[in-house]
Amino acid sequence: MSTPSPGSTVAFDARALTAPVDRTRLAAWAREARASGVGPRTGQIVLFIVIALFIAFVGFGVVGVFLAVLLGSSGGIVMPLLMLVLVGLAVWGGIAWWNRLLVRGYRLADFAASNGMSYLPRLADPQLPGMIFSLGHGRESTDLVRGTSPRFAEFANYRYTTGSGKESQTHEWGYIAIKLDVPLPNIVLDAQSNNGFFGSNLPAAYQRHQRLSLEGDFDRSFALYCPEGYERDALYLFTPDIMARFMDSASAFDVEIVDDWLFLYAQNRPVTTLDPAVWAQMFGTVGAVIAKLEQWARWRDERLRAAGADAVAGGGLASSPPPESDAAPTRFAGGPVTPTPGDPGRPWAPPPGVAPEGRRLKRAFPWASVLVFGAAAVGWIVFRLMFAH
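Residues numbered from 1 in each chain as written. Predicted model: local features only at pLDDT ≥ 70, side-chain atom pairs only at ≥ 80, totals over all residues. Heavy atoms only, no water.

A.B. asks: Can you break down the side chain of Arg151 residue by residue, with the values?
C.D. replies: Within the fold, Arg151 resides in the loop between β2 (137–147) and β3 (153–162). Looking at Arg151, the relative accessible area reads 14%, which means it is buried. In terms of polar contacts, Arg151 uses its side chain to reach the backbone carbonyl oxygen of Lys179, at 2.9 Å. (Helix = DSSP H or I, 4+ residues; strand = E, 2+ residues; numbered from the N terminus. Buried < 20%, exposed > 50% of the residue type's maximum accessible area, 1.4 Å probe, protein only. Polar contact = N/O pair within 3.5 Å; in protein donor to acceptor, adjacent residues only side chain to side chain.)

Here is the structure:
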């Protein structure tokens, strides 16, 4: 395949995902992974076998009682044999599961290395600013494949749990995280292709007045939300050529720009898999997006220019411009560059950053979810009352 890798300049190489496994290399990789503390946990197989044995003993007890009643004294011979079979199946299942786990990690690590990237089996509570990373508990990223050239990009699966006990629920996502050159306003592209009957699949709802309609067919693919007052900034970032890239390559993902990160989310769909076709598609998506991010690096928040002027007037900033002022003035949506406060002869581009009002979108109360759960609760109560007698 000729799809470029986002982690290196070499051609995309997916052979490690499907090639026969060299058992000698697999054993060596497993030893190195365990020694470095990144390999599959021994406790996982122990827990799996304990659970399997418990199920086997329970099953043995139930079946044993049935056979004892059915066969009488002959059941005394059958039950020990049945016990051996169930224990053997439990041990075999644990070993087979452990082997699959090792092979998966080995393939992904080899695939990452072949494409100039690195592999990490798991990372607890990843410190990322995206909307899904602060929810629930037991937060964990798994099967992380990372590249650093031409910029940092991370492919991973992610899960977190909400509620507790019988009411607990595990939420699973796949995500791609791309590091940007500068902080940008909090912008969300809610993909229309993965929404459900009750609307967006995203775990956050945003106030409707923040939705911005863009030209062409973009609105059919995404609902774009940007902070109030940042409409011109969104138009500067999402030029027609960038909108075309997102529609062609990322329409299956929900997208979030927050701080200096770009996230692509896929709910209930793993991002790191052993499917070469999935990787080829994702590498193409990331490559297409990265190719257009140079323009975003030139964006500056004009509100910081105004804040700088106010601070200088009040004695809060030095009159000399920042070091960036020696470079060519930064243009913002075609707007002029104003003189540096206190030094009219030198233009001053605002420093990288986002004013407080643009850093986070305003959330909305999820009325639709409340109504759905409320209706379900009322229906259950009515059902119980109808059949109570």
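A.B. asks: Explain the pattern of salt bridges to me, and be specific about the residues and the numbers.
C.D. replies: Here the structure, examined in full by the defined rule, presents 14 salt bridges. Asp181 is the salt-bridge partner of Arg151, the closest N and O atoms lying 3.0 Å from each other. Note that Arg151 is positioned in the loop between β2 and β3 and Asp181 in strand β4 (residues 169–191), a separation of 30 residues in sequence. Residue Asp181 is classed as partly exposed on the basis of its relative accessible area of 49%. (Salt bridge = Lys/Arg side-chain N within 4 Å of Asp/Glu carboxyl O.)

A.B. asks: Could you give an account of the packing of aromatic side chains, naming the residues involved and the relevant values?
C.D. replies: Here the structure, examined in full by the defined rule, presents 23 aromatic pairs. On the numbers, 5.0 Å between centres and 90° between planes, the contact of Phe133 with Tyr175 is edge-to-face. Taken together, the residues Phe133 in the loop between β1 (118–124) and β2 and Tyr175 in strand β4 connect sequence positions 42 residues apart. Owing to a relative accessible area of 4%, Phe133 belongs among the buried residues under this scheme. Here a set of aromatic residues connected by ring pairs shows up, and it is made of Phe133, Phe152, Tyr158, Tyr160, Trp173, Tyr175, Trp261, Phe263 and Tyr265. Over the face of the ring belonging to Phe253 we find Arg269, whose NZ or CZ atom lies 5.2 Å from the ring centre. Across the ring face of Tyr230, the terminal group of Arg303 is positioned such that the distance to the ring centre comes to 3.7 Å. (Phe/Tyr/Trp six-rings, centres within 6.5 Å; stacked < 30°, edge-to-face > 60°. Lys NZ or Arg CZ within 6 Å of the ring centre and 35° of its normal.)

A.B. asks: Tell me about the confidence of the model for the protein chain, residues and numbers included.
C.D. replies: On average, residues of the protein chain score 80 in pLDDT, and 66% of them reach the 70 mark or higher. Long-range and interchain partners of residues 311–342, a stretch whose pLDDT sits below 50, account for 55 contacts in this model, where long-range means more than four residues apart. (pLDDT = per-residue confidence, 0-100. Contact = heavy atoms within 4.5 Å.)

A.B. asks: Tell me about the pairing of β4, and please be specific about residues and values.
C.D. replies: The two faces of a sheet get side chains in turn, since along a regular strand they alternate between them. Of all the 23 residues making up β4, 17 are buried; the element is thus mostly covered by neighbouring parts of the structure. Linking β3 back to β4 in an antiparallel pair, the connection comprises six residues, with Gly163 at a positive phi of about 75°. Pairing of β4 with strand β7 (residues 254–267), which is carried by eleven bridges, proceeds in the antiparallel orientation. Note on β7: the bridge partner recorded for Ile176 is Leu264. Here β4 runs beside strand β6 (residues 222–225); their pairing, made up of four bridges, is antiparallel. Its bridge partner lying in β6, Ala191 is registered against Phe222. (Pairing = 2+ DSSP bridges.)

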